[in-house]
Amino acid sequence: MDKKIINIGIIGFGVVGAGTVHALQKNSDLIMRRLGAIIKVKKVADLDIETERSISLDAGVLTSNVDDILNDPEISIVVELIGGIEPAKSFILRAMKNGKHVVTANKALLAVHGTELFDAAKRFGQDIMFEASVGGAIPIIRSIKEGLAANRITELVGILNGTANFIMTSMTNDRRSFNKVLKEAQGLGIAETDPTLDIEGWDAAHKIAILASLAFGTPVPFENVYVEGIKNISPEDIEYASNFGYCIKLLAMAGCDGKNVEVRVHPAMIPYDSMLANVNGSFNALSIHNNAADEIFLYGRGAGALPTGSAVAGDIIELARQIMLNIENRVPSLGFQHDSVISLSVKPMEQVYSKYYFRINADDKPGVLSSISGLLSMAGISIESVLQKGRNNKGGVPIVLFTHEAMEKDVRSAILEIEKLKVVNGHVRLIRIMED
Ligand code: HSE
């Protein structure tokens, strides 16, 4: 019997677009056996149809006109891989309005306009799937929506940006400066020419905002996500962290106590023998804490043409299965029924509790340490340990303090007071500590 053909259209023939076609071509026989149908890439739209790519397409497939996809009644799945907010958002809305399911890898769009897109999918009776938007090849979204559907998720802690993790790993291994390692990463094609989104934490923030919505069934207004990048981490901080049994990673975290959610991205010191501390180079990982399954740890490639393409292709296959069964919305966009998504408030960073590392550059004079510890004590912050090493070449001494758990608001006001001391030079460096 002839196999059913499911036509798809891909908008964007860049790295991930080419990786998606590659994944579909490379494993086409296997996919056909698993699906019982043929997935046909009917059109691929890109503004640049001249550049030679390593992937070959049949004649007539490549087009510079997106309407060839959006208006083609034979195309039932549209894959958006151009990134950015516009025109990606308009293309997705038009595709759904025209009766097409959508697959996207666009984390910035979902983090900022997810609610609008999920509402539109519901209204038009279409599905929008986005496995490749977080963690590249790692099936994180499907695990949260389906595998862990019987669990109450309490916390997510992950390394969701490969560029930042590559930089932190190299800085840790070689004790080199952030700027030197960033240049090297750019040379290797790991970091973008404009690395802002990766090194300042925005990319990881988009991803953890999406995951928090899925895990807790709530919209997360992106402006409420706390974001701090890795630019200010120095080899000195890495050395002190290591002296105390920690390494420094850019972590993305989300938690829920049933009433409030906490969503944040910042560098953190973690015990060097923890699983996340051993996620190195450009790899990604996520630890999911649940009330039934306990902890799940997912690890893999968070970027790259074929790994990310395989996640996009996985979503295409899932939608093709629904088409074969003539069903839609088998699993709602956020994994919660649309009318059961409830708005939980996002806790302001000032109210978050953590342990802290401070590095203070101070004059080497009697009484300095007691002035600093006095200010911390007035703010109700308890010190766990102190380290003061020899003078630096400017005559100052680095004072390193580790605190017990304290509230961010108290820590910030104590730092302002410490920085006002005449014997303290420059800014106090602060890194949060995550122990489990
Ligand atoms: N730029 C991202 C990273 C990959 O460095 O992890 C795409 O999400």
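Residues numbered from 1 in each chain as written. Predicted model: local features only at pLDDT ≥ 70, side-chain atom pairs only at ≥ 80, totals over all residues. Heavy atoms only, no water.

## Overview of the packing of aromatic side chains
Where two aromatic rings form a pair, the distance of their centres and the angle of their planes describe that pair.
Consideration 1: Within the structure shown, the criterion is met by 7 aromatic pairs.
Consideration 2: When the centroid spacing of 6.2 Å and the interplanar angle of 55° are considered together, the rings of W202 and F222 count as tilted. Taken together, the positions of W202 in helix α10 (residues 202-216) and F222 in the loop between α10 and β8 (226-227) put the pair 20 residues apart, joining distant regions of the chain.
Consideration 3: Residue classification places F222 among the buried positions, given a relative accessible area of 13%.
Consideration 4: Relative to F402, the ring of F244 lies with its centre 4.1 Å away and its plane at 35°, an arrangement referred to as tilted. (Phe/Tyr/Trp six-rings, centres within 6.5 Å; stacked < 30°, edge-to-face > 60°. Helix = DSSP H or I, 4+ residues; strand = E, 2+ residues; numbered from the N terminus. Buried < 20%, exposed > 50% of the residue type's maximum accessible area, 1.4 Å probe, protein only.)

## Describing the pairing of strand β2 (residues 37-45)
Consideration 1: In terms of strand pairing, strand β1 (residues 4-11) meets β2 through 8 bridges, oriented parallel. Residue pairing in the sheet places I11 in a bridge with A45 of β2.
Consideration 2: Here 2 bridges tie β2 to strand β3 (residues 62-63), and the two strands are oriented parallel to one another. Its bridge partner lying in β3, V44 is registered against L62. (Pairing = 2+ DSSP bridges.)

## Some points on the environment of I230
Consideration 1: The topology assignment puts I230 in the loop between β8 and α11 (235-243).
Consideration 2: Residues I230 and I167, 63 residues apart in the sequence, show an inter-C-alpha distance of 8.9 Å.
Consideration 3: If we skip the residues at most four places from it in the chain, I230 touches A164, I167, M168, F178, I199, L250 and P267. (Contact = heavy atoms within 4.5 Å.)

## Regarding the site of the ligand
Consideration 1: Contacts to the ligand come from K107, N161, G162, T163, D198, D203, K207 and A303.
Consideration 2: In this structure, N161 approaches the ligand through a side-chain N or O atom, which is 3.5 Å from an oxygen atom.
Consideration 3: At 3.0 Å, a side-chain N or O of D198 approaches a nitrogen atom of the ligand.
Consideration 4: Contact with the protein chains removes 81% of the 260 Å² of surface that the ligand exposes when unbound.
Consideration 5: When residues of the shell around the ligand are traced back to their parent elements, those giving at least two are α7 (162-174) and α10.
Consideration 6: A class-by-class count of the residues in the shell around the ligand yields 1 nonpolar, 3 polar and 4 charged. (Near = heavy atom within 4 Å. Polar contact = N/O pair within 3.5 Å; in protein donor to acceptor, adjacent residues only side chain to side chain. Areas by Shrake-Rupley, 256 points an atom, 1.4 Å probe, with all protein chains shown as cover. Nonpolar A, V, L, I, M, F, W, Y, C, P; charged D, E, K, R; others polar.)

## Quick look at the domain arrangement of the protein chain
Consideration 1: Domain annotation of the protein chain identifies domain 1 (4-134 + 305-337), domain 2 (140-300) and domain 3 (349-433).
Consideration 2: Domain 1 and domain 2 are separated by 27 Å when their C-alpha centres are compared.
Consideration 3: Counting residues at the interface gives 21 residues for domain 1 and 20 residues for domain 2.
Consideration 4: When domain 1 packs against domain 2, the two sides together hide about 1600 Å² of surface, and 64% of this comes from carbon and sulfur. (Domains from an automatic or database assignment. Buried area = accessible area lost by both parts, 1.4 Å probe.)

## Some details on the pattern of salt bridges
Consideration 1: Counting across every chain of the model gives 27 salt bridges.
Consideration 2: Across the salt bridge formed by D46 and R53, the nearest N and O atoms sit 3.8 Å from each other.
Consideration 3: With relative accessibility at 18%, the residue D46 sits in the buried group.
Consideration 4: Exposure remark for R53: the relative accessible area of 18% places this residue in the buried category.
Consideration 5: Close ionic contact of K207 with D203 constitutes a salt bridge, the shortest N to O distance being 2.6 Å. Here K207 pairs with D203, and both are found in helix α10, just 4 residues apart, close to one helical turn. You'll find K207 and D203 in the same group, each marked buried. (Salt bridge = Lys/Arg side-chain N within 4 Å of Asp/Glu carboxyl O.)

## Some remarks on the sheet that holds strand β5 (residues 101-104)
Consideration 1: On the basis of which strands lie adjacent, the open sheet formed by 6 strands has the order β3-β2-β1-β4-β5-β6 and parallel pairing. Sheet topology places β3 and β6 (128-129) at the edges, where each strand pairs with a single neighbour.

## Quick word on the nonpolar core
Consideration 1: Counting 82 residues, the largest nonpolar core has I140, L156, I167, L211, F216, I230 and M269 as its most contacted members.
Consideration 2: With 10 residues, the top contributor of residues to this core is α10.
Consideration 3: If you look at the next biggest cluster of nonpolar residues, it comprises 30 residues, including I8, A18, V103 and A105. (Core = buried A, V, L, I, M, F, W, Y, C linked by side-chain atoms within 4.5 Å.)

## Details of the packing of α7 against helix α8 (residues 178-187)
Consideration 1: Contact geometry of α7 with α8 gives a least axis separation of 9 Å together with a crossing angle of 125°. With respect to their mutual orientation, α7 and α8 come out oblique. The interaxial crossing formed by α7 with α8 has right-handed handedness. Here α7 contributes F166, I167, S170 and M171 to the contact with α8, which in turn contributes F178, V181, L182, E184 and A185.
Consideration 2: Split into classes, the residues belonging to the contact of α7 with α8 amount to 7 nonpolar, 1 polar and 1 charged. (Axes fitted to C-alpha atoms, helices over the stretch in contact; angles between N-to-C directions. Parallel < 35°, antiparallel > 145°, perpendicular 65-115°, else oblique. Left-handed = near helix turned anticlockwise from the far one by under 90°.)

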